[in-house]
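# Coordinate inspection notes
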Amino acid sequence: MNTKTSKSKQICANEVNESQVLEQAAEILSKRTFGSKSFSSAEDTKTFLQLKLGSYDREVFSLLLLDSQHRLLEYTELFFGTINSASVYPREIVKATLAVNAAAVILAHNHPSGIAEPSQADIAITKRIKDALSLIDVPVLDHIVVAQESVSFAQRGLI
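A few points on the structure.

Each value, and the rule that gives it
Within every chain, residues take consecutive numbers counted from 1 along the sequence as written. Local features in a predicted model are, by the rule used here, given only for residues with pLDDT of at least 70; side-chain atom pairs are given and counted only at 80 or more, and totals for whole chains, interfaces and linings are based on all residues. Side-chain metrics in this entry use all non-hydrogen atoms of the structure; hydrogen atoms and water are not considered. By definition, a salt bridge exists where a carboxyl oxygen of Asp or Glu is found within 4 Å of a side-chain nitrogen of Lys or Arg. Under the DSSP-based scheme used, a helix requires at least four consecutive residues in state H or I and a strand at least two consecutive residues in state E, with every element numbered from the N terminus. Only protein chains enter the accessibility calculation, which uses a 1.4 Å probe. A residue is then buried if its area is under 20% of the maximum for its type, exposed if over 50%, and partly exposed in between. Contacts are assigned to residue pairs that have any heavy atoms within 4.5 Å of one another.

### Quick look at the pattern of salt bridges
- Using the criterion set out here, one finds six salt bridges in the structure.
- Between Lys-46 and Glu-43 there is a salt bridge, with the nearest N and O atoms lying 3.3 Å from each other. Residue Lys-46 and its partner Glu-43 are both found in helix α2 (residues 42-53); the two are separated by three residues, about one turn of the helix.
- Here Arg-71 and Asp-67 are joined by a salt bridge, their closest N and O atoms 2.8 Å apart.
- Arg-71 gets classed as partly exposed once you look at its relative accessible area, which sits at 36%.
- When salt bridges that share partners are traced, they join Arg-91, Glu-92 and Lys-95 into one network.

### Here's the deal with the environment of Ala-116
- Counting through the fold element by element, Ala-116 comes out in the loop between β3 (104-110) and α4 (120-134).
- Overall, the relative accessible area of 6% leaves Ala-116 in the buried class.
- Counting along the chain gives 29 residues from Ala-116 to Val-145, while the straight-line C-alpha distance between them is 5.6 Å.
- Residues contacting Ala-116, with those up to four places away along its chain left out, are His-111, Val-145, Ala-147, Glu-149, Ser-150 and Val-151.

Coordinates in, geometry out; function isn't part of it.
So, in structure tokens, the structure goes:
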């Protein structure tokens, strides 16, 4: 194998490894910072979600599924979209909530544009999800939109 081919393979391997390392670093940071901590502060939740969703270049809708003490049971990314939208299905959110026997939910998605201002579509889907989860007595504590600055629906009085 010639040196030029070897170097190009090494560069490709370094790029893949760098991406994997960054993902693992975000996971380690979130575990160290939030381990068994309760998600009762919007600011702490924003920080956690910035680590999870901040680097995506397309819209990703996720859930923090919580126990009765608002500790994290599971973080899951359910829906993946394009640069400015993602299709979200309340039925799938209810299924994910029941699967881990969650007592509360925090919704989250990113805005790759960098502007976290909630759209009318964001507000409407939040209401639909909240209505669906209320049928199984699971409250939606917040909906966080992640961008350069994150926005909490609860802090804005939208939940």
